[in-house]
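Observations on the three-dimensional arrangement
Residues per chain are reported as follows:
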Amino acid sequence: MVTAALLPTLLVVGSLMLVFGLRDAGLWHNLKVPAGRWRWLPFGSLFVLQMFYVVWRVSDTVPPLGWSIEGLWPLVFLVFELSGMLMLSLTYLTLSRKTDRSPEVDEHLGLLGEQTFRVAMFIPTYNEPKAVLERTILGAMSQRYPGVRVYVLDDSRRDWLRDYCRQIGVGYCRRNDNKGAKAGNMNAGLATVRAEGFDPEFIGVLDADFIARPDFISRCMVLHLRHPEAGIIQTPQHFFNPDPVQMNLVLADVAPDEQRFFFDEQLAARDAWGTAFCCGTSSLIRVAALEAIRGFPTESVTEDMLMSLRMREHGWQTLYLNEPLTTGLSPEGLGEYIKQRHRWCLGFIQIFKQHYNPFSRRHRLKLMDRIHVFDTFLYWVMSFPTRYLFLAAPAVYWFTGWLVIQASIDEILLHLLPWLIAHMVVMTWISRGALQPLLNDVSQLLLGPAAIHASITGLFSNKPHEFVVTPKGELDTQVRIDWQAIRPLLFLGALNLSAVVLAAFPFFQPDLPFEPRVVNLFWLVINLVIIALGMLSCIELPRRRAQERFTTPAAVPARLDVGDIHWPVEIVQLSMSGCQIRLVDPSVELKPVIEHEGLLHVDEFEQYHVQVRRLVPLRDDPDAVCLGCQFSRDNLQEKLQLTSRIFAEGHARLRFESGSLRILGALLKNLLVSTQRH
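Rules used in this analysis
Residues numbered from 1 in each chain as written. Predicted model: local features only at pLDDT ≥ 70, side-chain atom pairs only at ≥ 80, totals over all residues. Heavy atoms only, no water. Helix = DSSP H or I, 4+ residues; strand = E, 2+ residues; numbered from the N terminus. Buried < 20%, exposed > 50% of the residue type's maximum accessible area, 1.4 Å probe, protein only. Contact = heavy atoms within 4.5 Å. Areas by Shrake-Rupley, 256 points an atom, 1.4 Å probe, with all protein chains shown as cover. Phe/Tyr/Trp six-rings, centres within 6.5 Å; stacked < 30°, edge-to-face > 60°. Lys NZ or Arg CZ within 6 Å of the ring centre and 35° of its normal. 1 Å grid on protein atoms, 1.4 Å probe; cavity = no way out; pocket = protein on both sides within 12 Å on 5 of 7 lines; lining within 4 Å. Points joined across faces, edges and corners; volume = space filled by probe spheres on them. Nonpolar A, V, L, I, M, F, W, Y, C, P; charged D, E, K, R; others polar. Pairing = 2+ DSSP bridges. Axes fitted to C-alpha atoms, helices over the stretch in contact; angles between N-to-C directions. Parallel < 35°, antiparallel > 145°, perpendicular 65-115°, else oblique. Left-handed = near helix turned anticlockwise from the far one by under 90°. Salt bridge = Lys/Arg side-chain N within 4 Å of Asp/Glu carboxyl O. pLDDT = per-residue confidence, 0-100. Expected span 1.5 Å × (residues − 1). Polar contact = N/O pair within 3.5 Å; in protein donor to acceptor, adjacent residues only side chain to side chain.

All right, on to the overall build of the protein then. Helix and strand content of the protein: 21 helices and 18 strands. Counting every position in the protein, which comprises 678 residues, the buried fraction comes to 56%. Put simply, 78% of the contacts in the protein that link residues at least 6 apart link residues at least 24 apart. Total accessible area on the protein stands at roughly 30300 Å², and carbon and sulfur atoms take up 59% of it.

On to the packing of aromatic side chains. Aromatic ring pairs are reported here in terms of the distance separating the ring centres and the angle at which the planes meet. Going through the model one piece at a time under the given rule, you end up with 25 aromatic pairs. Ring geometry for F122 against Y151: centres 6.3 Å apart, planes inclined by 90°, an arrangement best described as edge-to-face. Taken as a pair, F122 in strand β1 (residues 119–125) and Y151 in strand β2 (residues 149–154) lie far apart in primary sequence, 29 residues in all. Y151 shares its class with F122; the two are buried. Clustering of aromatic rings is evident, with ring pairs tying together F348, F352, F359, F374 and F377. Just above the ring of W273 sits the side chain of R97; from NZ or CZ to the centre is 4.5 Å.

The next thing to look at is empty space enclosed by the protein. Overall, the coordinates contain 6 cavities of 30 Å³ or more when judged by the stated rule. There is about 80 Å³ of room inside the largest cavity. Forming the boundary of the largest cavity are Y397, W402, L403, V404, I405, A407, I412, E515, P516, V519, N520 and W523. Looking at the lining of the largest cavity element by element, the count peaks at 5 residues for helix α19 (residues 514–537). Empty space within the second largest cavity amounts to approximately 50 Å³. As for the second largest cavity, its lining consists of R270, T275, F277, M305, L309, R312, D369, H372 and V373. Elements supplying a minimum of two residues to the lining of the second largest cavity: α12 (303–313) and α14 (367–400). Partitioning the lining of the second largest cavity into residue classes produces 4 nonpolar, 2 polar and 3 charged.

The next thing to look at is the sheet that holds strand β5 (residues 210–212). The strand order across the open sheet formed by 3 strands is β5-β10-β7, and the pairing between neighbours is mixed. In this open sheet, the two strands that pair with only one neighbour each are β5 and β7 (238–239). Two elements, β5 and strand β10 (residues 326–328), share 3 bridges in a ladder whose sense is antiparallel. Bridge assignment links I211 to a residue of β10, and that residue is T327.

In this section: the environment of R37. Here R37 lies in the loop between α1 (2–19) and α2 (40–60). Overall, R37 belongs to the exposed group, its relative accessible area being 65%. Counting along the chain gives 60 residues from R37 to R97, while the straight-line C-alpha distance between them is 8.3 Å.

So, about the packing of helix α3 (residues 69–95) against α14. At a minimum axis separation of 8 Å, α3 and α14 run at an interaxial angle of 140°. Judged on the interaxial angle alone, α14 and α3 are oblique. α14 is crossed by α3, and the crossing has left-handed handedness. In terms of residue class, the contact of α3 with α14 is built from 19 nonpolar, 5 polar and 2 charged.

A separate point is the environment of V602. Here V602 is to be found in strand β16 (residues 597–603). The sequence separation of V602 and R559 amounts to 43 residues, and the corresponding C-alpha distance is 6.6 Å. In contact with V602, other than residues within four places in its own chain, are V556, P557, A558, I571, Y608 and R645.

With that settled, the discussion passes to the sheet that holds strand β9 (residues 317–320). Here we have 7 strands laid out as an open sheet, ordered β3-β2-β1-β4-β8-β6-β9, and mixed in their pairing. In the strand order of this sheet, the two ends are held by β3 (171–174) and β9, each with one partner. Strand-to-strand twist of the sheet, defined as the mean angle between neighbouring strand axes without regard to direction, takes the value 25°. Direction of pairing for β1 relative to β2: parallel, over a ladder of 6 bridges. Opposite P124, over in β2, you have L153 as the bridge partner. Its contacts with the sheet put helix α6 (residues 159–168) on β1, β2 and β3, and the angle it makes with β3 is roughly 155°. Sitting on the sheet, helix α7 (residues 181–195) touches β1, β2, β3 and β4 (202–205), and the angle it makes with β1 is about 140°.

Here the focus is the pattern of salt bridges. Any two side chains of opposite charge can pair if their charged atoms end up close together. For the structure on display, the rule yields 35 salt bridges. For R633, the salt bridge goes to E597, with nearest N and O atoms at 2.9 Å. Within this pair, whereas R633 is found in the loop between β18 (626–631) and α20 (636–648), its partner E597 is found in strand β16, the two being separated by 36 residues in sequence. Judged by relative accessible area, which is 42%, R633 ranks as partly exposed. A salt bridge links K639 to D634; the shortest N-O distance between them is 2.6 Å. Here K639 falls in the buried class, since its relative accessible area comes to 18%. Each of the salt bridges in this network shares a partner with another, and the network as a whole consists of R101, E104, R226 and D271.

Okay, the confidence of the model for the protein next. The predicted coordinates of low-pLDDT regions are not to be read in fine detail. Of all residues in the protein, 90% attain a pLDDT of 70 or more, and the chain-wide mean is 88. In this model, residues 17–29 is a region of pLDDT below 50 whose contacts with residues beyond four sequence positions or in other chains number 21 contacts.

Between its terminal C-alpha atoms helix α18 (residues 483–504) stretches 30 Å, which fits the 32 Å expected from 22 residues at 1.5 Å a residue. Within α18 the residues assigned to the buried category are A485, I486, L489, L492, G493, N496, A499, L502 and A503. Residues of α18 that are buried in the fold lie against α13 (334–354), α14, α17 (437–460), β11 (480–481) and α19. For α18, the N-terminal cap is D482; the gap from its side-chain oxygen to the backbone nitrogen of Q484 is 3.3 Å.

Let's shift gears to the environment of R370. Of note, R370 is situated in helix α14. By relative accessible area, R370 is classed as buried at 18%. Along the primary structure R370 and P358 are separated by 12 residues, whereas in three dimensions their C-alpha atoms are 4.6 Å apart. At 3.2 Å, the side chain of R370 forms a polar contact with the backbone oxygen of H363.

The following block contains the structure:
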């Protein structure tokens, strides 16, 4: 019977292998993803398999209902499960289309020479340290588009920052209060800039921790010139440091960050439907469109999404250019990470409740905008409670005998497994590994309490909500546990472990049937793996460096001059504060250069004053001789060159593996090594 029940799953896997070329084991993730009219095919197939499961689930598997807790429990679970299925259906619909605007930009770069426009680059800041702000300002100053003026909008009113801006020649704006938070700051900044005699036609927005490539403005400007209806050109957020889950599970440069799937796939898909929206940073905004909605909106703590929706009502579009034109800091601690997501959720609920309820006639949003607003509502309000119900349901069964699904193993294998396997394979393939189911579950688990709190607060409280800035650039030299985040996981872990004990000793629940026992025990094991990873993510590993280090993609030839010494070297690692160089001739005497100042020549026009600090061992090549150097001069030209070399050339951006098995293997290996060290 079990073999017969597996036949549909085998048929699905075989079809995927034939239709999409997945027969090449280990290479399937490198195969070309279908585009254009063929892109709907995998998602249409997933929808059919999903509906096959949903119809069976609703018609044949619901236990007897009643007005008791036992009778209502399966109904509550089914409602949340169906909300998840609806959200997945909308995801399939959304992903069935996708834009790629890069070829259009490449083809029409010549438009930039026909006319230039006045561009102001706004960097709103509140409490970021100089080490974070400096590289953002330098990146903004490096724009190749002519006449870009950089303005730092300081809502902390810091005299040292005012003096620094004057020293390097960028604009500085401050106001007397913090009304309207970030949006109010940018409105005040625009008024100040205009009062000083500069009336920009476009505004580039960079968060204080995001560094722009020199072609950020120019490539966005091409789309503005090609599309006069564009109010905003949004680009993705990429990060050069690991988020807390990547960091604490030792998965930097192995697993995707939590936002990768959204920026690489979802926002590009929404762009194809005409429903892309601004994400707060890394965007170029047309001032005429901003004036049409009377400035940056201050009624929500997520002013970016509200701005896009308001512009859409006035006929202005948000277009998405899916290119890594900026890179920035992900929240460095788990508490900051959760706080940021809490603000996002609260801001969206404000938009949903006060402005753009998708079922209301008070606004003029089109159908797909309404669908995507509703989809976002389901994500924030329903998906996180659903996750917790899935974590509790098998334990509830072992304690009470209450079922949420009444079906045999054969029936589950027949109806659920084909869709589940196809979903995981297609979503991982279509996203090039940007969506990893297990890690996505861990992120949802960690964010659950904050999202649920923000949803309830936003829906049922009429009090004004303050904009909470996400702290950046903070260091922590010790391993610590985020107890606030781990407490719910400890409870869930204890609940599921207790259920495992009941499962291990059948005499505790002798009347429970065999097949539900097997199903719920398997479910328990999956839950415990997710909970364990979530708990490990709450153990914060130290971040000791104020500046991230970046390994160069290929060794950069250079020459080190210290007095009369002239050594050929290769730069193998860079940061804004120092570098690591490898000597071409490892036999030289090092004593004459250690603790001495020298000049590092990269080419005729690029050089850096360095202090040679120490001998550094190189893990990959123990025979190599490497020196750790610190940049020793506060030189604007050198810092501009360094910012361009690190961030403009593309290696200051986290990559990730596309194979789930490789990520899982790296996870187990790194956790083992980390455990031995700590």
